[in-house]
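Structural features, examined
So the chains spell out like this:
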Amino acid sequence: MELVESSGWRVLDKNGREVEGDELDEHVVLLYFSSEDAPECARFDRIFKGFYEILQGLGTMSGKDCVADVQAIFVPLGTTAAQAEAHFQEHHGDWLMLDCSQSEEALQRYQVSS
């Protein structure tokens, strides 16, 4: 995916494997900006996880592998790498995570603010 390749972002799966940009070429990518320190984000984590699981289920019901069509990338905010990884493992779905050191760049690139 050009987003990952052109930015030089390091994107990891739940097992810590680095995902190459071309692995996302056929996907609609959802960037999910979230902070474990914000109660609003903690509540929305559950909602987003449910939404993502529904998308996956719709793909299965229609005979398509929706996992191949939609992929979320968690962009951790305001936390250490260890805290972000723990939060990702405990509270997020089976999606990807942007390396914590690159979150600020993503915030600026997409003009995200709290």
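So, here is what we can say about the structure in this document.

**Some thoughts on the sheet that holds strand β2 (residues 18-19)**
- The strand order β2-β1-β5-β4-β3 describes an open sheet built from five strands, whose pairing is mixed. On the outer flanks of this sheet lie β2 and β3 (28-34), each paired with one strand and no other.
- Here strand β1 (residues 11-12) runs beside strand β5 (residues 96-98); their pairing, made up of two bridges, is antiparallel. Bridge pairing links L12 to M97 in β5.

**A closer look at the nonpolar core**
- Counting 13 residues, the largest nonpolar core has V11, I73 and L98 as its most contacted members.
- Among the elements of the structure, β3, β4 (70-76), β5 and α4 (103-109) are those that each provide at least two residues to this core.
- Every residue in contact with L98, bar those within four places of it in the chain, is listed here: W9, R10, V11, I73, F74, V75, P76, S103 and A106.
- Of all hydrophobic cores here, the second largest spans ten residues; its members include A72, F88, W95 and M97.

About the cut-offs
- Residues numbered from 1 in each chain as written.
- Predicted model: local features only at pLDDT ≥ 70, side-chain atom pairs only at ≥ 80, totals over all residues.
- Heavy atoms only, no water.
- Pairing = 2+ DSSP bridges.
- Helix = DSSP H or I, 4+ residues; strand = E, 2+ residues; numbered from the N terminus.
- Core = buried A, V, L, I, M, F, W, Y, C linked by side-chain atoms within 4.5 Å.
- Buried < 20%, exposed > 50% of the residue type's maximum accessible area, 1.4 Å probe, protein only.
- Contact = heavy atoms within 4.5 Å.

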